[in-house]
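# Secondary and tertiary structure notes
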Amino acid sequence: MDEQVHISSLVVQTKPERVGEIRAWCQAGDKAEVHAADPKGTLILVLEASGQLESMDFIDRLRQQGGVLDVSLIYHHVESALALDREMGDER
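Model, not experiment: these values are computed from the prediction. (Residues numbered from 1 in each chain as written. Predicted model: local features only at pLDDT ≥ 70, side-chain atom pairs only at ≥ 80, totals over all residues. Heavy atoms only, no water.)

This part is about the pattern of salt bridges. Where charged atoms from two side chains of opposite charge approach closely, those side chains can pair. Applying the stated rule across the entire model yields three salt bridges. Notably, a salt bridge pairs Asp-57 with Arg-61, separated by 3.1 Å at the nearest N-O pair. Residue Asp-57 and its partner Arg-61 are both found in helix α2 (residues 52-63); the two are separated by four residues, about one turn of the helix. The class for Asp-57 is partly exposed, based on a relative accessible area of 38%. (Salt bridge = Lys/Arg side-chain N within 4 Å of Asp/Glu carboxyl O. Helix = DSSP H or I, 4+ residues; strand = E, 2+ residues; numbered from the N terminus. Buried < 20%, exposed > 50% of the residue type's maximum accessible area, 1.4 Å probe, protein only.)

Note that Thr-42 resides in strand β3 (residues 42-49). Exposure remark for Thr-42: the relative accessible area of 22% places this residue in the partly exposed category. Sequence separation between Thr-42 and Lys-15 is 27 residues, and the spatial gap between their C-alpha atoms is 8.6 Å. Residues in contact with Thr-42, not counting those within four places in the same chain, are Val-11, Val-12, Gln-13, Ala-36 and Ala-37. One polar contact links Thr-42 to Gln-13, side chain to side chain, over a distance of 3.2 Å. (Contact = heavy atoms within 4.5 Å. Polar contact = N/O pair within 3.5 Å; in protein donor to acceptor, adjacent residues only side chain to side chain.)

Evaluation of the coordinates by the stated rule reveals one aromatic pair. For the pair Trp-25 and Phe-58, a centre-to-centre distance of 5.3 Å together with 35° between the ring planes defines the contact as tilted. Here the residue Trp-25 occupies a position in helix α1 (residues 19-27), and Phe-58 occupies one in helix α2, the gap between them amounting to 33 residues. Since its relative accessible area comes to 6%, Phe-58 is described here as buried. (Phe/Tyr/Trp six-rings, centres within 6.5 Å; stacked < 30°, edge-to-face > 60°.)

Another point: the sheet that holds strand β4 (residues 68-80). Judged by pairing direction, the sheet is antiparallel, and its four strands sit side by side in the order β2-β3-β1-β4 without closing on themselves. The sheet is open, and its two edges are formed by β2 (32-38) and β4, each paired on a single side. Put simply, the sheet's adjacent strands are angled 15° from each other on average, direction ignored. As judged from the six bridges shared by β2 and β3, these two strands associate in the antiparallel manner. Residue Ala-36 lies in a different strand from β3, and its bridge partner there is Ile-44. Contacting β1 (4-14), β2, β3 and β4, α1 crosses the sheet at an angle of about 165° to β2. Running at roughly 15° to β1, α2 makes contact with β1, β2, β3 and β4 of the sheet. (Pairing = 2+ DSSP bridges. Axes fitted to C-alpha atoms, helices over the stretch in contact; angles between N-to-C directions.)

Pasting the structure below:
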């Protein structure tokens, strides 16, 4: 069975003094990658999960971190894991 990959983009607002800690927490696992961090308290990250439940669990746990003011889901896309593994040029 072809598994799905859920790709989400999040904007996270934090207290400025907690940006580094929240960034480290997000990157501690293998699901999230921080693409930008503003010292004023904004993080932009991409989350890859195996399902909607896993994505929402990450977002809920992130919201519970001390210093997190808001988490906004900006983009969500579901893709076949096989399609993502396929090399460019294999599609004809």
